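Observations on the three-dimensional arrangement
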Amino acid sequence: MRWLTLAITIILFSLSFSPLAQASSASSSPVTTGWLQHPDHPPVEVRLSLTGVTQPESNEVEGLLEVRLQNDWKTYWRSPGEGGIAPMASWQHSNNLAAVQWQWPAPERYSVSGVETVGYKENVAFPLTFQVNQWHQPVLLQGVLTMSSCTDICVLTDYNINLEFIPPQLVPNSDMYFRYQQALSQVPSLLSTTSNENMEVKEAYWLAQRSQLQVRLQALTNLQNPDVFIDSLAPDLRDITVKQPQISYSGNELELVVNIEHWLGDLDLVGQPIQLSIIDNHFAYELQIEPIAGSMGGLGNNSEPLHWGMLILFSLLGGLILNIMPCVLPVLGMKLQSVLTENRQQGLVRKQFLASAAGIVVSFWLIAAGLLVLKYSGSAIGWGIQFQSPYFLGFMVMVTWLFTLNLAGVFSLRLPSNMNTWAATKGDQSMAGHFVQGMFATLLATPCSAPFLGTAIGFALAASALQMFTIFTLLGIGMALPWILVAAKPRLALLLPKPGNWMNITKVVFSFMLAATTVWLLFLFRGHLNLSVWRFIFVTIALITGVLVWRTYGAKGVAISFVFGFLSLFGAIAFAVLSADDLNAQPNWEKLQVQQINQEVAAGKVVFVDVTAKWCITCKANEVGVLLQNPVYKALQASDVVLMQGDWTVPNDYVTSYLKIHNRYGVPFNIVYGPSAPYGIELPVILTSQAVINALEQAR
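Being a predicted model, the structure only gives us computed values, none of them experimental.

**Looking at the overall build of the chain**
What the chain contains, in helices and strands, is 17 helices and 27 strands. Scored against the burial criterion, the 700 residues of the chain give a buried share of 47%. Surface exposure of the chain reaches about 32,900 Å², of which carbon and sulfur atoms provide 60%.

Structure, rendered in structure tokens:
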């Protein structure tokens, strides 16, 4: 009997302290608007109700705003992400109402056409607290609720709200009170400090030049599947746009890196109140931080910003190295041909080389301007990103093909005077033609990455407009240095041998190099076309080339071209095979997934990430020279190593976001994660076997 007496006592005690005990014997109906539906937008319904539970000592009345969304319609959190508008209410026609407190359940992430948003689907309920002025006087809740709802289109809908009540006369409704408590349980618990037993903020930094927030947190228990939502309640920060965060975690520690922007331009979050909502399988917390200026350690390249002296040096060296890239060499050869066939007067040589140098620098300015437009329009940006466009590839195929034919002497391009820039490849003295040669060399250099170049590009694309143009100008000057050097000392060009038979040989070599570039671009173009269409284009170009060679050099010329092309292809394959000590087949790459990286590392695995593109020459060099050769290949096949690859050949918002989080705006990019390196060990642009092996060992 003792257990029965105890049970009855507990039940009576609970009822005596329950808010519903105020009306235990009363039959109550909730004060509610009922379900409201706009005739122009039936997929969304809303209902505002009062629970009947009140707090007389603080003049507060509890309410619940419920939203029903049909099919794939969704509405938004208080910070909707890159698109959408948060629900809002205007109470200006209300009486005896002091304030309304709106609480937000934990949201989810949605991606539509590459736009990352934060919000809710199906059913969601927002707990509200109404604070009244005079407790015993009637209260009129009158206003307009504006709901934004989206699928592949977005609709703003207004709902008229009208409720009247007298606070002391409200009677609790058990069903509505249960719904209110259920909704309240979905709201993250507010932590009053950044250091308590549930969640501690170890570091919080704002890196202004990259518009990047970096936070390190420590939870009470091990993390399972965490997500973090960021916003600010400060009035002047309501319009910030928060990109998808990069989250890494190991055990009970979490590291967050996220880019935050404002439509007005430069943003400074140092000392500003930032809300973090940390959601995991077994908890949901919300806390406020005030980041300080700086950057966290342990983030690979995300250390303190480089000094401008180093950036200037890196930019000049990065641009200079582009001159030795294989795509640029044919253009340099054309330049040498034009110098050797002219009357080599010092003044003329100086003007020609300065024109080409100007073309290079102007090209870098145009690239910077284009990237800046894409950046402020919210599009993906990166070095070499134009090679993701089928229109650009088609244009480059046509241009390199025409240059090949012209250099081979089978095609002369004569255009009207207002378009004679292209005629410079014939060897005339048009300064505009030499200017275009410089621009052409720059375009062909963009699929290449090199030491120093990645650092400079990464800084430029995350910096302000002025800083971006400064870095790109320095890159252009770096690439133009050989031209500038010859322009400053024209006698250097006069040291070249006199024209002779050797020029015909080099002319053939350079024409075949440019032809190889055309074929390479054609194969990149294949990924954007139907196979039948691509085959037609390929065969058409081959036939036209063959006909032009036959008309100029006869059947013997066609035969020589075929044999030379075949031998070149055979030689390239033989060189690749013989130069690779132990070239292996492609390993089984998994698709890049950040969440899976965290899970694999938590399971004790090492994750090797390769972000690449088919148009990236440096990527192919790393692949053939390091990744597919032993001992690296054997090390990557170990049972505790997981291989992930991000393909940036065509536009991919997920891969772009991943690169941007690591302050990279081009490929290749390689990084190794593991139990000893949960935040990753970034590898150099030009891979070496030793660098990869060491990173794998350090990450274990």
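Having seen the structure, we can now continue with the description.
**Some points on the environment of asparagine 588**
By the secondary structure assignment, asparagine 588 is in the loop between helix 12 (531-579) and strand 23 (590-591). Expressed as a C-alpha distance, the spacing of asparagine 588 and glutamine 637, which sit 49 residues apart in the sequence, is 9.2 Å.

**Overview of the confidence of the model for the chain**
Taken over all residues, the pLDDT of the chain has a mean of 77, while the share at 70 or more is 74%. Across residues 298-306, confidence stays below pLDDT 50; counting only partners more than four residues off in sequence or on other chains, it has 25 contacts.

**Re a nonpolar patch on the surface**
There is a patch of nonpolar side chains on the surface, built from Ile85, Met88 and Leu156 and spanning about 270 Å² of accessible area. Within the secondary structure, methionine 88 is located in strand 6 (residues 88-90).

**A look at the sheet that holds strand 27 (residues 677-682)**
Reading across from one edge, 23-25-24-26-27 is the order of the five strands in this open sheet, with mixed pairing throughout. The sheet is open, and its two borders are formed by strand 23 and strand 27, each paired with just one other strand. For strand 23 and strand 25 (residues 641-647), the ladder comprises two bridges, and the chain directions are parallel. The residue bridging glutamate 590 from the neighbouring strand is methionine 644, located in strand 25. Each of strand 24 (606-612), strand 26 (669-674) and strand 27 is contacted by helix 17 (residues 689-699), which is oriented at about 25 degrees to strand 26, the strand it contacts most.

**Considering the sheet that holds strand 21 (residues 283-289)**
Taken together, the four strands give an open sheet; going across it, the order is 13-21-20-16, and neighbouring strands pair in mixed fashion. In the strand order of this sheet, the two ends are held by strand 13 (189-190) and strand 16 (227-231), each with one partner. The pairing of strand 16 with strand 20 (residues 274-280) spans five bridges and is antiparallel. Considered in strand 20, the bridge of isoleucine 230 is made with leucine 276.

**A few points about the pairing of strand 10 (residues 123-132)**
Of all 10 residues that make up strand 10, eight are buried, and the element is covered over most of its length. Sheet topology places strand 4 (residues 60-69) next to strand 10; nine bridges connect them, and they run antiparallel. Residue pairing for strand 10: leucine 64 is matched across the bridge by proline 127. Here five bridges tie strand 7 (residues 97-102) to strand 10, and the two strands are oriented antiparallel to one another. Across the sheet, residue valine 100 finds its bridge partner in strand 10, namely phenylalanine 130.

**Brief notes about unusual backbone geometry**
In this model, asparagine 630 is joined to proline 631 through a cis peptide bond whose omega is 10 degrees. The residue proline 631 is located in the loop between helix 14 (617-627) and helix 15 (632-636) in this model.

**Thoughts on the pairing of strand 12 (residues 154-165)**
Direction of pairing for strand 11 (residues 139-150) relative to strand 12: antiparallel, over a ladder of 12 bridges. Counted as the bridge partner of glycine 143 is isoleucine 161 from strand 12. In this antiparallel pair of consecutive strands, strand 11 and strand 12, the connection spans three residues.

**Considerations on the nonpolar core**
With 40 residues, the main nonpolar core has Ile597, Val607, Val609, Val611, Tyr658, Val667 and Tyr673 as its most contacted residues. Residue assignment for this core shows that the elements contributing at least two residues are helix 6 (390-407), helix 11 (501-525), helix 12, helix 13 (594-602), strand 24, strand 25, helix 16 (653-661) and strand 26. Tallying contributions element by element places helix 6 first for this core, with eight residues. Look past the residues within four positions of valine 607 in its chain and what remains in contact with it is Ile597, Glu600, Val601, Val642, Met644, Ile671, Val672 and Tyr673.

**A look at the packing of aromatic side chains**
Within this structure, the stated rule accounts for 11 aromatic pairs. Between phenylalanine 283 and tyrosine 285 the ring centres are 4.9 Å apart and the planes differ by 15 degrees, which places this aromatic pair in the stacked class. Here the aromatic rings of tryptophan 534 and phenylalanine 538 are separated by 5.3 Å at their centres, their planes lie at 35 degrees, and the arrangement is tilted. One end of the pair, tryptophan 534, and the other, phenylalanine 538, are both in helix 12, four residues apart, so they sit about a helical turn from each other. We classify tryptophan 534 as buried; its relative accessible area is 10%. With a relative accessible area of 28%, phenylalanine 538 lands in the partly exposed category. Taken together, the aromatic side chains of Trp102, Trp104, Tyr120 and Phe126 make up a single cluster linked through ring pairs.

Parameters at a glance
Residues numbered from 1 in each chain as written. Predicted model: local features only at pLDDT ≥ 70, side-chain atom pairs only at ≥ 80, totals over all residues. Heavy atoms only, no water. Helix = DSSP H or I, 4+ residues; strand = E, 2+ residues; numbered from the N terminus. Buried < 20%, exposed > 50% of the residue type's maximum accessible area, 1.4 Å probe, protein only. Areas by Shrake-Rupley, 256 points an atom, 1.4 Å probe, with all protein chains shown as cover. pLDDT = per-residue confidence, 0-100. Contact = heavy atoms within 4.5 Å. Patch = residues over 30% accessible without salt bridge, like charges linked within 9 Å, V, L, I, M, F, W, Y side chains within 5 Å. Salt bridge = Lys/Arg side-chain N within 4 Å of Asp/Glu carboxyl O. Pairing = 2+ DSSP bridges. Axes fitted to C-alpha atoms, helices over the stretch in contact; angles between N-to-C directions. Core = buried A, V, L, I, M, F, W, Y, C linked by side-chain atoms within 4.5 Å. Phe/Tyr/Trp six-rings, centres within 6.5 Å; stacked < 30°, edge-to-face > 60°.

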